Amino acid sequence: MAIDQTLFREAMSTLAASVTIITTDGPGGRHGMTATAVCSVSDEPATVLACINRTSTMNARVKQNGVMCLNVLGGHHQDLSMLFANPRICVEDRFAKAEWDRSITGSPVLSNALIALDCEVSEITEVGTHSVFFGRLTDLAIATEHAPLLYFGRGFHTLKPQGTAA
Ligand SMILES: Cc1cc2nc3c(=O)[nH]c(=O)nc-3n(C[C@H](O)[C@H](O)[C@H](O)COP(=O)(O)O)c2cc1C
């Protein structure tokens, strides 16, 4: 039985997720976009995946460049996440609002990201409207002093330790 698309989207809106800015650079040019469809796949070899809509500019850029960096955001990055989710804002304006380093594969790395996972694309699988990009890690950085930015119920949240007032 086919699942109703609206019902599926409603269900997925209650799947709490970390918010990431995926970045890339190379022959296809620099780009970055906000994504929640990101997860760990394997620790040997260290591999992650990201699902990117085939109609997005980001999809073509990652295919051209063969590299991506997953920059996991903190609660202080909410404005930045909105910027990188707005197709009307050009790439220069998106990157202008934060400080970036460069990874060993050339992708932009957000200076104060919670985690930065630098990857080479090892495999791409096309599924419906999205491409699933598997990324083999080439480098990573961790900074755990910030609470994560979460997306749940079509809104942004941050994580509070249990036992504190809501
Ligand atoms: C919280 C949030 C999560 C998102 N997650 C994804 C995602 O996982 N994959 C995706 O393709 N687009 C996702 N988007 C939409 C893209 O960020 C948006 O389409 C963006 O404009 C794409 O940029 P581009 O067209 O310049 O490539 C998300 C948007 C928001 C606000």
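Structure: above.
As the structure is a computational prediction, the values presented were derived from the model and not from experiment.

Peer 1: If you had to explain the sheet that holds strand 4 (residues 38–43) to someone new, which residues and values would you point to?
Peer 2: The pairing of strands in a sheet happens through backbone hydrogen bonds and is either parallel or antiparallel. One open sheet holds the seven strands; their spatial order is 3-2-6-9-10-5-4, and the pairing between them is antiparallel. The open sheet has two edge strands with one neighbour each: strand 3 (31–35) and strand 4. Direction aside, neighbouring strands of the sheet carry axes that sit 30° apart on average.

Peer 1: I'd like to hear about the sheet that holds strand 12 (residues 155–158), residue by residue, with values.
Peer 2: What the three strands build is an open sheet, ordered 1-11-12; its pairing is antiparallel. Bordering the open sheet on either side are strand 1 (17–18) and strand 12, each of which pairs with just one other strand. Alignment of strand 1 against strand 11 (residues 149–152), held across two bridges, turns out to be antiparallel. By the bridge assignment, S18 is partnered in strand 11 with L150.

Peer 1: Tell me about the site of the ligand, and name the residues and values.
Peer 2: Taken together, 19 residues form the shell around the ligand, and within it H31, T34, A37, N53 and M58 come nearest. Here A85 contributes a backbone N or O atom positioned 3.2 Å from an oxygen atom of the ligand. A distance of 2.9 Å is found between an oxygen atom of the ligand and a side-chain nitrogen or oxygen belonging to R94. Residue contributions to the shell around the ligand peak at four residues, all from strand 3.

About the criteria used
- Position labels on residues start from 1 in each chain and follow its written sequence.
- Predicted model: local features are reported for residues with pLDDT of at least 70 only, side-chain atom pairs are reported and counted for 80 or more only, and whole-chain, interface and lining totals are derived from all residues.
- Computation of side-chain values covers all heavy atoms of the structure but excludes hydrogens and water.
- Any two strands between which DSSP finds at least two bridges are classified as paired.
- Strands here are runs of E lasting at least two residues and helices are runs of H or I lasting at least four, both read from the DSSP assignment and numbered beginning at the N terminus.
- What counts as an axis is a line fitted to C-alpha atoms, over the stretch in contact for a helix, and the angles between N-to-C directions run from 0 to 180 degrees.
- Whether a residue is near a molecule or strand is decided by its heavy atoms; if any one of them lies within 4 Å of it, the residue is near.
- Pairs of N or O atoms within 3.5 Å make up the polar contacts considered here, provided that, within protein, one atom can donate a hydrogen while the other can accept it, and that residues adjacent in sequence are counted only when both atoms are side-chain atoms.

Take it as geometry only, folks, not as evidence of what the structure does.
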